[in-house]
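Residues per chain are reported as follows:
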Amino acid sequence: QKRFKGYTDKGLPRHLKAQVCDVNKALLSVNKLVQMGNKVQFGPQTGDNFIEHLKSKTKIPMQRNGKGSFFLNVDFVNG
């Protein structure tokens, strides 16, 4: 775990705590998902967390594990 302190473009101080660890599972980039025509939403309720393809309106729900991380319950294939 690492703590960061910074300032917004308006000069407001902000503190951020991030988890630092070795990666042993696939990670998704929210930026890449958005660039590919998706909306990514995170919220306090279980149903508030999803990836939505804007053109088709198809949603993939995201689950939260007990440690606060989000994951997809999807089986992916190469291709």
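Caption draft 1: Main features of the overall build of the protein chain. Per the secondary structure count, the protein chain includes 1 helix and 6 strands. Mapped from its N terminus to its C terminus, the protein chain presents α and β elements in the order β-β-α-β-β-β-β. Its C-alpha atoms give the protein chain principal-axis dimensions of roughly 40 × 30 × 30 Å. Across the protein chain, the fraction of contacts at a sequence separation of at least 24, relative to all contacts at a separation of at least 6, is 2%. Carbon and sulfur atoms form 53% of the exposed surface of the protein chain, whose accessible area is close to 7300 Å². Within the protein chain, the 5 negative side-chain charges are centred at a point lying 7 Å from the centre of the 14 positive side-chain charges.

Caption draft 2: How the structure looks around the side chain of Asn38. Summarising the element assignment, Asn38 is placed in strand E3 (residues 38–41). Only 3.0 Å separates the side chain of Asn38 from the backbone oxygen of Leu33, close enough to count as a polar contact. Contacts of Asn38, omitting those with residues within four sequence positions, involve Leu33, Ile51, Glu52, His53 and Leu54.

Caption draft 3: Broad picture of the environment of Ile51. Position of Ile51 relative to the elements: it lies in strand E4 (residues 50–53). The sequence separation of Ile51 and Ala26 amounts to 25 residues, and the corresponding C-alpha distance is 16 Å. The contact partners of Ile51, leaving out residues within four places of it in the chain, are Leu28, Leu33, Asn38, Lys39, Val40, Thr58, Lys59, Ile60, Met62 and Leu72.

Caption draft 4: Geometry of the environment of Arg3. Mapped onto the secondary structure, Arg3 falls in strand E1 (residues 2–7). Residues Arg3 and Leu16, spaced 13 residues apart in sequence, show a C-alpha to C-alpha distance of 5.8 Å.

Caption draft 5: Spotlight on the nonpolar core. Formed by Leu33, Val40, Ile51, Met62 and Leu72, the largest nonpolar core amounts to 5 residues. Excluding residues that lie within four positions of it along the chain, Leu33 makes contacts with Leu28, Asn38, Val40 and Ile51.

Caption draft 6: Local environment of the sheet that holds E3. Taken together, the 4 strands give an open sheet; going across it, the order is E3-E4-E5-E6, and neighbouring strands pair in antiparallel fashion. A single partner strand is all that each edge strand has here, and the edge strands are E3 and strand E6 (70–72). Taken over all neighbouring pairs, the strand axes of this sheet differ in orientation by 25 degrees on average, direction set aside. Summarising the sheet, E3 and E4 pair through 4 bridges and their orientation is antiparallel. When the bridges of E4 are listed, Val40 appears paired with Ile51.

Basis of the calculations
Residues numbered from 1 in each chain as written. Predicted model: local features only at pLDDT ≥ 70, side-chain atom pairs only at ≥ 80, totals over all residues. Heavy atoms only, no water. Helix = DSSP H or I, 4+ residues; strand = E, 2+ residues; numbered from the N terminus. Contact = heavy atoms within 4.5 Å. Areas by Shrake-Rupley, 256 points an atom, 1.4 Å probe, with all protein chains shown as cover. Lys, Arg positive; Asp, Glu negative; His and termini not counted. Charge placed at Lys NZ, Arg CZ, Asp CG, Glu CD. Polar contact = N/O pair within 3.5 Å; in protein donor to acceptor, adjacent residues only side chain to side chain. Core = buried A, V, L, I, M, F, W, Y, C linked by side-chain atoms within 4.5 Å. Buried < 20%, exposed > 50% of the residue type's maximum accessible area, 1.4 Å probe, protein only. Pairing = 2+ DSSP bridges. Axes fitted to C-alpha atoms, helices over the stretch in contact; angles between N-to-C directions.

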